[in-house]
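Listed here are the chains, written in short residue letters.
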Amino acid sequence: YVTAATDKMMATAAGALIELEDVQLLDVLEILEALYVKAAALACVHASEEELSTILQTLDALEREDGADKLGVSLRKFLGLVADASHNVLVATLCKFLNDLLMRVAQNEIGGVTANWPRIAGRLGEDRRDLMNALLARDVEGAMAAAAAYHRHTRSLVKDAMDAYQGPPGDGLRDAFKRLRQTES
């Protein structure tokens, strides 16, 4: 119950900021980079062998996914497990909330998960594997560098997809947050 209440409070606070300010998709990706650099460093120190094994199994499964929906679920799970392995509730909660929000807004902002996730996620496979290898080696500096590289690469690919998208404009983070909040109610 405490974790659920904490998650909801964090989502409410972050959602208020998103609704009041002009927060953009690329802004969220920049914050995720900073959060995951910290999460990766902490995971190197605090993750159990069992947690690292679960993250590795999830990454292996992610690399075998071929459908956009399953890919999105597996990617969210992988990133959530890395965040949880930090053993820092604040970092993990923020990472998971922002990832969920990002997945929802990406469906509209860059033409939909079906059109873009396989291409974007596929090009990030080596970056995820570098992060996993650094976590397994408990290489703090390497994990921080790999997490930063992964998120910079993600931001670049998402920006390219947004620039190339010719469809109607998406409804942005505010509306994605409202939809997220409605599904939680």
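Here the structure is a predicted model, which means the values were calculated and not measured.

Engineer: For the overall build of the chain, give the residues involved together with the corresponding values.
Structural biologist: Looking only at helices and strands, one finds nine helices and zero strands in the chain. Starting at the N terminus, the α and β elements of the chain follow one another as α-α-α-α-α-α-α-α-α. Classification of the 185 residues of the chain by burial places 44% in the buried group. Within the chain, contacts between residues separated by at least 24 positions form 82% of all contacts whose residues are at least 6 apart in sequence. Put simply, the chain shows about 9,500 Å² of open surface, and 55% of that area lies on carbon and sulfur atoms.

Engineer: Tell me about unusual backbone geometry, residues and numbers included.
Structural biologist: Even without being glycine, His-87 reaches a positive phi, approximately 60°. The phi dihedral of Arg-138 falls on the positive side, at around 55°, and the residue is not glycine. Examined against the element boundaries, Arg-138 turns out to sit in the loop between α7 (125-137) and α8 (140-164). Owing to a relative accessible area of 28%, Arg-138 belongs among the partly exposed residues under this scheme.

Engineer: With reference to specific residues and values, describe the packing of helix α3 (residues 49-64) against helix α4 (residues 68-84).
Structural biologist: In the contact formed by α3 and α4, the axes pass within 9 Å of each other and the chain directions differ by 160°. In terms of their interaxial angle, α3 and α4 are classed as roughly antiparallel. Relative to α4, the crossing made by α3 is left-handed. Where α3 approaches α4, its residues Glu-51, Thr-54, Ile-55, Thr-58, Leu-59 and Leu-62 are matched on the opposing element by Leu-71, Ser-74, Leu-75, Lys-77, Phe-78, Leu-81, Val-82 and Asp-84.

Engineer: Let's hear about the pattern of salt bridges: which residues, and what values?
Structural biologist: With the rule as written, the count across this model stands at seven salt bridges. One continuous salt-bridge network, built from bridges that share partners, spans Glu-33, Arg-152 and Arg-155.

Engineer: Give me the nonpolar core: which residues, what numbers.
Structural biologist: Tyr-36, Ile-55, Phe-78, Leu-131, Leu-135 and Ala-143 are the most contacted members of the largest nonpolar core, which has 46 residues in total. Where this core is concerned, the elements lending two or more residues are α2 (25-46), α3, α4, α5 (89-109), α6 (113-123), α7 and α8. Examining the composition of this core, we find that 11 residues originate from one element, α2, more than from any other. Setting aside residues no more than four positions away along its own chain, Phe-78 makes contact with Ile-55, Thr-58, Leu-59, Leu-62, Arg-128 and Met-132.

Engineer: If you had to explain α8 to someone new, which residues and values would you point to?
Structural biologist: In a regular helix each residue adds 1.5 Å, so 25 residues correspond to 36 Å; α8 covers 36 Å between its end C-alpha atoms and thus fits that length. The complete set of buried residues in α8 reads Ala-143, Ala-146, Ala-147, Ala-148, Tyr-150, His-151, Thr-154, Arg-155, Leu-157, Val-158 and Ala-161.

Engineer: Run through α7, naming residues and quoting values.
Structural biologist: Three or four residues apart is the spacing at which side chains of an α-helix point the same way, because the helix has 3.6 residues per turn. Taking 1.5 Å of rise per residue, 13 residues should cover 18 Å, and α7 covers 18 Å from first to last C-alpha, within 8% of that figure. Within the span of α7, buried status applies to Gly-125, Asp-127, Arg-128, Leu-131, Met-132, Ala-134 and Leu-135. Arg-138 lies just past α7 and shows a positive phi near 55°.

Basis of the calculations
- Residues numbered from 1 in each chain as written.
- Predicted model: local features only at pLDDT ≥ 70, side-chain atom pairs only at ≥ 80, totals over all residues.
- Heavy atoms only, no water.
- Helix = DSSP H or I, 4+ residues; strand = E, 2+ residues; numbered from the N terminus.
- Buried < 20%, exposed > 50% of the residue type's maximum accessible area, 1.4 Å probe, protein only.
- Contact = heavy atoms within 4.5 Å.
- Areas by Shrake-Rupley, 256 points an atom, 1.4 Å probe, with all protein chains shown as cover.
- Axes fitted to C-alpha atoms, helices over the stretch in contact; angles between N-to-C directions.
- Parallel < 35°, antiparallel > 145°, perpendicular 65-115°, else oblique.
- Left-handed = near helix turned anticlockwise from the far one by under 90°.
- Salt bridge = Lys/Arg side-chain N within 4 Å of Asp/Glu carboxyl O.
- Core = buried A, V, L, I, M, F, W, Y, C linked by side-chain atoms within 4.5 Å.
- Expected span 1.5 Å × (residues − 1).

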